[in-house]
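Spelled out from the first residue to the last, the chains are:
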Amino acid sequence: MKSVVIRDLVIGEGMAKICAPVTGISEEEILEQSKAICALDADILEWRCDWYKEVLNSDQVKRVLERLRKCIGDMALLVTFRTKKEGGQLEVDLKTYEAILMSAIESGYADMVDLEIMSDSQTVDTVIRSAHEKGVYVVASNHDFDRTPEKEVLLERMALMDKAGADILKIAVMPQKAKDVVRLLDVTEEASKFGRPVITMSMSGLGLVSRLSGEVFGSAVTFGCVGRASAPGQIEVTQLKKILELMHDNLYKCSSAKTTQKIVR
């Protein structure tokens, strides 16, 4: 798999990286949440700018990004405007959506932007091209807060992200039964063969296992909260870190044990 390297962070290798969302409404609340995240052991800070009350003001968006960068230092910064139809806070037209992402790209402070792959193809092309010209990575995403589509549908969406030239492929779905979670994990394992880092999650408490087992099935990033969660099923970063480390350490031990057994024989 081709990894994505942002500053000192390698996405796509080893233990799944932890991304913590900031959902502040005001500038001060955004910075307060960011400071709390920096005090913990998260790897990526996601600014969910659809929560920000001044998000339609490009100058204010750039001002917040500048202050965020000073606050978080070299931590990787992902900027996300989640549209209403995919679980976000605000409904905007495509022109406005594109303008918000372009503000983040052109600011020089964002390392990554989230781009909803089901947007208009021209918007997708413009954002990806512009991001890459500025050295910004693109996380192509798709969210279904109602159900878990069939395996073929999910793989088609991830193939669409790959074909569009996104750097990281992200799918989030809502499970109605345990088999939905199993399907999502199966898709994750198969999609990891695309050659790009993959992020997947089955939401709600039922899907929690998918947020914890990324290293096993191939999901490179998982989302944990500090205070207010941005999606159903997120758990606190400190709890998440302990579980990920436990799984990582035991995976390593099991691999070492098998190697030792082969040598002895």
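Described in the following lines is the structure provided in the data block. Every value quoted in this text rests on a predicted model; they were computed, and no experiment measured them. (Residues numbered from 1 in each chain as written. Predicted model: local features only at pLDDT ≥ 70, side-chain atom pairs only at ≥ 80, totals over all residues. Heavy atoms only, no water.)

## Re the nonpolar core
Across soluble globular proteins, nonpolar side chains show a tendency to be buried alongside one another.
Next, step 1: Of all hydrophobic cores here, the largest spans 56 residues; its most connected members are Ile 37, Leu 45, Trp 47, Leu 77, Val 79, Val 113 and Leu 115.
Next, step 2: Looking at this core, the element that brings in the most residues is helix H3 (residues 94-107), giving six residues.
Next, step 3: Aside from chain neighbours lying at most four places away, what touches Val 113 is Leu 78, Val 79, Leu 101, Ala 104, Ile 105, Val 127, Val 136, Tyr 137, Val 138 and Val 139.
Next, step 4: Val 4, Ala 76, Ile 199 and Met 203 belong to the second largest nonpolar core, which has 19 residues in total. (Core = buried A, V, L, I, M, F, W, Y, C linked by side-chain atoms within 4.5 Å. Buried < 20%, exposed > 50% of the residue type's maximum accessible area, 1.4 Å probe, protein only. Helix = DSSP H or I, 4+ residues; strand = E, 2+ residues; numbered from the N terminus. Contact = heavy atoms within 4.5 Å.)

## Details of the packing of H3 against helix H4 (residues 121-133)
Next, step 1: Between H3 and H4, whose axes approach to 10 Å, the crossing angle comes to 5°. Between H3 and H4, the crossing angle belongs to the class labelled roughly parallel. Across the interface between the two elements, Leu 94, Tyr 97, Glu 98, Leu 101, Met 102 and Ile 105 of H3 pack against Thr 123, Thr 126, Val 127, Ser 130 and Ala 131 of H4.
Next, step 2: Residue classes in the contact of H3 with H4 are distributed as seven nonpolar, three polar and one charged. (Axes fitted to C-alpha atoms, helices over the stretch in contact; angles between N-to-C directions. Parallel < 35°, antiparallel > 145°, perpendicular 65-115°, else oblique. Nonpolar A, V, L, I, M, F, W, Y, C, P; charged D, E, K, R; others polar.)

## Structural notes on the sheet that holds strand E9 (residues 198-202)
Next, step 1: With parallel pairing, the eight strands of this open sheet are ordered in space as E9-E8-E7-E6-E5-E4-E3-E10. At either margin of the open sheet sits one strand with a lone partner, and together these are E9 and strand E10 (221-223). Ignoring strand direction, the axes of neighbouring strands in this sheet form an average angle of 25°.
Next, step 2: In the sheet, strand E8 (residues 168-173) pairs with E9 via five bridges, with the strands oriented parallel. Counterpart to Lys 170 in the pairing with E9 is Ile 199.
Next, step 3: Of the strands in this sheet, strand E5 (76-80) and strand E6 (112-116) touch H3, which is tilted by about 165° from E6.
Next, step 4: Against the sheet, helix H6 (residues 178-191) contacts E8 and E9, and its axis sits at roughly 175° relative to E9. (Pairing = 2+ DSSP bridges.)

## Topic: the environment of Gln 60
Next, step 1: Mapped onto the fold, Gln 60 is located in helix H2 (residues 58-72).
Next, step 2: The spacing of Gln 60 and Glu 27 is 33 residues in sequence and 8.9 Å in space, taken between C-alpha atoms.
Next, step 3: Other than its neighbours up to four places away in sequence, Gln 60 contacts Glu 27, Tyr 52 and Glu 54.

## Concerning H2
Because an α-helix completes one turn every 3.6 residues, residues spaced three or four positions apart along the sequence face the same direction.
Next, step 1: The end-to-end C-alpha separation of H2 is 21 Å, in line with the 21 Å expected for 15 residues at 1.5 Å each.
Next, step 2: Every buried residue of H2 is accounted for by Val 61, Val 64, Leu 65, Leu 68, Arg 69 and Ile 72. Projected down its long axis, H2 shows its buried positions confined to an angular sector of 140°, all on one face. Counted as exposed and oriented over 90 degrees from the buried face of H2: Asp 59 and Lys 70.
Next, step 3: Once H2 ends, the next one or two residues include Gly 73, with phi positive near 65°. (Expected span 1.5 Å × (residues − 1). Arc of directions from axis to C-beta.)

## A few points about the packing of H2 against H3
The axes of two packed helices give the description: the angle between them and the distance between them.
Next, step 1: Interaxial distance between H2 and H3 falls to 10 Å at its minimum, and their mutual angle equals 40°. The orientation of H2 with respect to H3, classified from their angle, is oblique. Of the two possible hands of crossing, H2 and H3 adopt the one that is right-handed. In this structure, H2 uses Ser 58, Val 61, Lys 62 and Leu 65 to contact H3, whose residues at the interface are Ser 103, Ala 104 and Ser 107.
Next, step 2: Across the contact of H2 with H3, the residue classes break down as three nonpolar, three polar and one charged. (Left-handed = near helix turned anticlockwise from the far one by under 90°.)

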